Structure formats: structure tokens, C-alpha cells
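Survey of secondary and tertiary structure
Here is what each chain is made of, one letter per residue.
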Amino acid sequence: MAEADHLILLEWYPSSFAARVRIALAEKGLKYVSRPEDLINKSPLLLKMNPVNKQIPVLIHNGRPICDSMVIVQYIDEVWNHKSPLLPSDSYQRAHAKFWADYVDKKIFGIGASKKELIECFKILEEELGDKPYFGGESYGYVHLSLIPCYSSFYTYETLGKLSMAEECPKIVDWANRCLQKESVSKSLCDQSKFHEIILEISRGGPTWSSVQKFLNKLDQLHNS
């Protein structure tokens, strides 16, 4: 990073979307200032930097905001392309990676899913993974970065959905454990038990951010399906 570069990340630590950005920054070896955001009382800085969606994460690079987690990840990869490429250089493989990252956003992090639907989505990802150590081959990259923050939710899925991720989706669990061997991942994710405690606390506390409410709605569907 050039000496003049200054990075600020507006985030909420348990957020899977903020975790994506933290991992990408760690992969590139970039230093940044973390600015935690309140779930309800959004800071003037957040409202100024993301006036459209008013959501985290927002990466501020030399005063200019970049919004949406995977847009931020791609920006990081393009600007600091000297180390740890996250997207493949081959055009077809790059398009393929973006397709699966979009699938993860819509099907895994999307609004609402019954237990059966969620497991089916993970099984489709298992088919794509196959016998490879990582999606796309031998190295960690864009698709993994999009999906691995979901690992923080596994215990919550299992507890409220009464399911076992290891039994239902063993390849995904093995893949997640491989990803966790990377320091950039293990130090960027919220602990599963801590995530579960935070979500339960929020669920008892009334109104919250729309993105968190969507996750709570998904948990209700898992619990009741």
C-alpha cells in the first residue's frame, strides 16, 4: 500500500459481509482502521459514505467510499494486485468464480430458506467442490472468501434448525476447516458460539438492522421447517 493510502472499514464484527472484507484485507497484508458501527444508531460517517443503502461494510480509501462486500473485495483485488490474487486471471475462470459467489449471496445469504432448501443449496456447492481442496482448484480465492463467513453461523443453524452440518454437508465442513487453517480467515471470523450468543441477544432486543432481521427470519424458518 502506498504511503499516502488510508483505509477505514465501517463494520460490525459479527457480520459475515464485513468478514469478507476483513479477510480480503488480510490476504493482501493491508493495514486499516476499523470503525465499529451501532446496529441501530448509525453514525453520521456511515450515512455520509453509504447514503443509498445505509449499510455496512463500507471501505473508505483515501476518503472515497466503496460499498457492498463483494464489490469491495473485487476493488481490493484490483487495486492491490501485487499479492495473493483473489480472482483468477483467466476470463472464463473469473466469470465462473463470480457466478458461484453470486449463488452464495442469493442462496446461502439470501432472504429466507427452509432447512431442506438450505441443505440442498449446500449440497449443490458440495457438487461444485467435488474432490478438490478448494472451489476452482488448489488455491483459496474469491468463491471461498464469499462463503467462508457463513461458517460463523453453523452452530446457530445446528441449534435452531436441529441439524448437523457435519452429517448433512461433510464436504463443506471439511472445506471450511481447511480454510480456517489460513490465519487471514481464522482471525477474521466471529467465533460460532459468540455469534450464536449475539444473535440470540439481538432476537430478544427488538428492532435491528434489516440485514440482521432477514437473518433472524431465516432462522425462524429453519426452526419451524
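To be clear, the structure that these remarks concern was listed above.
So, a few notes on the structure that sits alongside this text. (Residues numbered from 1 in each chain as written. Predicted model: local features only at pLDDT ≥ 70, side-chain atom pairs only at ≥ 80, totals over all residues. Heavy atoms only, no water.)

Some details on the overall build of the chain
Condition: In this text, helices come from DSSP runs of H or I with a minimum length of four residues, and strands from runs of E with a minimum of two, each type numbered from the N-terminal end. Each residue is assigned to one of three classes by its accessible area relative to the maximum for its type, calculated with a 1.4 Å probe on protein chains only: buried under 20%, partly exposed between the two thresholds, exposed over 50%.
For the chain, the count of helices and strands is twelve helices and four strands. Counting every position in the chain, which comprises 225 residues, the buried fraction comes to 48%.

Observations concerning helix α5 (residues 115–129)
Basically, it comes down to this: The span expected for a helix works out to 1.5 Å for each residue beyond the first.
Spanning 15 residues, α5 covers 21 Å between terminal C-alpha atoms, matching the ideal 21 Å at 1.5 Å per step. All of the buried residues along α5 are L118, I119, C121, F122, L125, E126, E128 and L129. In the segment just after α5, G130 is the residue with positive phi, at about 60 degrees.

Focus: the environment of L145
In plain terms, the rule: Here, two residues are considered to be in contact whenever any of their heavy atoms come within 4.5 Å of each other.
As for its placement among the helices and strands, L145 is situated in helix α6 (residues 142–147). Distance from L145 to A101, taken between C-alpha atoms, is 8.6 Å for residues 44 residues apart in sequence. The contact partners of L145, leaving out residues within four places of it in the chain, are R20, I23, A24, V73, L86 and Y140.

A closer look at the packing of aromatic side chains
Our working rule: Two rings from Phe, Tyr or Trp (for Trp, the six-membered ring) form a pair when their centres sit within 6.5 Å of each other. Planes less than 30 degrees apart are called stacked, planes more than 60 degrees apart edge-to-face, and all others tilted.
What the rule picks out here adds up to eight aromatic pairs. Centroid distance W100 to Y103: 5.3 Å. Interplanar angle 65 degrees. Geometry classified as edge-to-face. With W100 and Y103 both in helix α4 (residues 91–108) and three residues apart, the pair spans about one turn of that helix. Owing to a relative accessible area of 12%, Y103 belongs among the buried residues under this scheme. Through successive ring pairs, a cluster of aromatic residues spans F99, W100 and Y103.

Some details on the pairing of strand β4 (residues 64–67)
To keep things clear, this is the line we draw: DSSP bridges decide pairing: two strands pair if at least two such bridges lie between them.
When strand β3 (residues 58–61) meets β4, the two strands line up antiparallel, connected through four bridges. Within β4, the position partnered with V58 by the bridge is C67. Remark: two residues form the turn of the hairpin made by β3 and β4, two consecutive strands paired antiparallel; N62 in that turn has positive phi of roughly 50 degrees.

Remarks on the pairing of strand β2 (residues 33–36)
Counted only if it meets this: A crossover gets the label right-handed when its path from the first strand over the helix to the second runs clockwise, viewed with the strands pointing away from the viewer.
Strand direction decides the pairing type here: strand β1 (residues 7–11) and β2, joined by four bridges, are parallel. Paired with L9 across the strands is S34, a residue of β2. With helix α1 (residues 16–27) bridging β1 and the parallel β2, this β-α-β connection has right-handed handedness.

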